[in-house]
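# Chain and residue survey
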Amino acid sequence: MDNYKIDHYADSSHEYFMRFALQEAQAAKEENEVPVGAVIVHRDRRMIASAHNQREQLRDPTAHAEMIAITQAAEALRSWRLDDCILYVTLEPCPMCAGAILQARIPTVVYGAADPKSGAVASLFSLLEDDRINHRCEVIAGVLAEPCGAILTEFFHRQRLLGKK
């Protein structure tokens, strides 16, 4: 992804950047992937990564939006330490993604919809704020939760009608 600077960065910046993550979720939906999108923004307000789920396309169980975005951001910064970044993701991260977030030292995670079945940030586990782990994240939950959840609900409803998932 080309790095580009985001000029609009005010109090509503979390919603602003979550809308980019929602665009990625829409791209996933159009590819018949579970519609989850993620973007990573550097402290200088540049969006340095943008990704969506690609498990079906890549035949890779680790190809979650967050994992792909973390890899892109590390490449963009030429460092595995993403300690000057914010991750925006449309769905509460799972245990695998929460572990990668911790390993990447991302200080802030903003997510939209809660994931009661596999959420590892608040729903089932609180990995990102666990005092037993040497890195913790600030978590901002529920940003644009309604549209983030709606795209998933619609996707899975359609899949069930088709006899899938």
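Quick look at the structure, then. (Residues numbered from 1 in each chain as written. Predicted model: local features only at pLDDT ≥ 70, side-chain atom pairs only at ≥ 80, totals over all residues. Heavy atoms only, no water.)

### Re helix 4 (residues 95-104)
Side chains of residues three or four places apart in an α-helix project in the same direction, reflecting 3.6 residues per turn. Listed as buried for helix 4 are Cys97, Ala98, Ala100, Ile101, Leu102 and Ala104. Where helix 4 ends, the next residue or the one after it, Arg105, has phi of about 65 degrees, a positive value. (Buried < 20%, exposed > 50% of the residue type's maximum accessible area, 1.4 Å probe, protein only. Helix = DSSP H or I, 4+ residues; strand = E, 2+ residues; numbered from the N terminus.)

### Brief notes about the layout of surface pockets
One number sums up the size of the largest pocket: a volume of about 550 Å³. Around the largest pocket, the lining is made up of 22 residues, and of these Val34, Leu91, Asp115, Leu152 and Phe156 lie nearest the centre. Here the lining of the largest pocket gets six residues from one element, more than from any other, and that element is helix 5 (residues 145-161). For the lining of the largest pocket, the per-class residue count stands at 10 nonpolar, six polar and six charged. (1 Å grid on protein atoms, 1.4 Å probe; cavity = no way out; pocket = protein on both sides within 12 Å on 5 of 7 lines; lining within 4 Å. Points joined across faces, edges and corners; volume = space filled by probe spheres on them. Nonpolar A, V, L, I, M, F, W, Y, C, P; charged D, E, K, R; others polar.)

### Some words on the nonpolar core
Counting residues in each nonpolar core, the largest one holds 50 residues, and the members touching the most others are Ile40, Ile70, Leu82, Ile101, Ile106 and Leu128. Apart from residues no more than four positions distant in its own chain, Ile101 is found in contact with Ile70, Leu87, Pro93, Ile106, Val109, Leu128 and Cys137. (Core = buried A, V, L, I, M, F, W, Y, C linked by side-chain atoms within 4.5 Å. Contact = heavy atoms within 4.5 Å.)

### Section: helix 5
With 17 residues, helix 5 extends 24 Å from end C-alpha to end C-alpha; this agrees with the ideal 24 Å at 1.5 Å per step. Against helix 1 (13-30), strand 4 (85-91) and strand 5 (108-113) lie the buried residues of helix 5. Downstream of helix 5 by one or two residues, Gly163 has phi in the positive range, about 80 degrees. (Expected span 1.5 Å × (residues − 1).)

### Notes on the packing of aromatic side chains
Centre distance and the angle of the planes are the two values used to describe a pair of aromatic rings. As enumerated under the stated definition, the model contains four aromatic pairs in all. A centroid spacing of 5.2 Å and a plane angle of 75 degrees characterise the contact between Tyr16 and Phe17, whose relative ring orientation is edge-to-face. Judged by centre distance (5.4 Å) and plane angle (75 degrees), the rings of Tyr16 and Phe20 are edge-to-face. Of this pair, Tyr16 and Phe20 both sit in helix 1, separated by four residues, roughly a single helical turn. A relative accessible area of 19% places Phe20 in the buried class. (Phe/Tyr/Trp six-rings, centres within 6.5 Å; stacked < 30°, edge-to-face > 60°.)

### A closer look at unusual backbone geometry
Even without being glycine, Arg45 reaches a positive phi, approximately 75 degrees. With relative accessibility at 37%, the residue Arg45 sits in the partly exposed group. For Arg78, which is not a glycine, the phi torsion comes out positive at approximately 55 degrees.

### Side note on the packing of helix 1 against helix 5
Where helix 1 meets helix 5, the closest approach of the two axes is 10 Å, and the angle between their N-to-C directions is 10 degrees. Of the possible angle classes, the one that applies to helix 1 and helix 5 is roughly parallel. Along the contact surface, helix 1 presents Met18, Leu22, Ala25, Gln26 and Lys29, while helix 5 presents Pro147, Cys148, Ile151, Glu154, Phe155 and Arg158. Taken together, the residues of the contact of helix 1 with helix 5 sort by class into seven nonpolar, one polar and three charged. (Axes fitted to C-alpha atoms, helices over the stretch in contact; angles between N-to-C directions. Parallel < 35°, antiparallel > 145°, perpendicular 65-115°, else oblique.)

### Considering the pattern of salt bridges
Per the stated rule, a full pass over the model turns up six salt bridges. With a shortest N-O distance of 2.2 Å, Glu154 and Lys29 are connected by a salt bridge. You can see Glu154 sitting in helix 5 and its partner Lys29 sitting in helix 1, a full 125 residues away along the chain. Taking the shortest distance from any N to any O, the salt bridge between Arg43 and Asp84 comes out at 2.9 Å. With Arg43 in the loop between strand 2 (37-42) and strand 3 (46-52) and Asp84 in the loop between helix 3 (65-77) and strand 4, this residue pair connects regions lying 41 residues apart in the sequence. (Salt bridge = Lys/Arg side-chain N within 4 Å of Asp/Glu carboxyl O.)

### Overview of the side chain of Asp115
On the secondary structure map, Asp115 appears in the loop between strand 5 and strand 6 (138-141). One buried charged residue, Asp115, remains without a salt bridge, the closest side chain of opposite sign being Lys117 at 7.5 Å. A distance of 2.8 Å separates a polar atom in the side chain of Asp115 from a polar atom in the side chain of Ser118. Setting aside its immediate chain neighbours within four residues, Asp115 contacts Leu91, Glu92 and Ser123. (Lys, Arg positive; Asp, Glu negative; His and termini not counted. Polar contact = N/O pair within 3.5 Å; in protein donor to acceptor, adjacent residues only side chain to side chain.)

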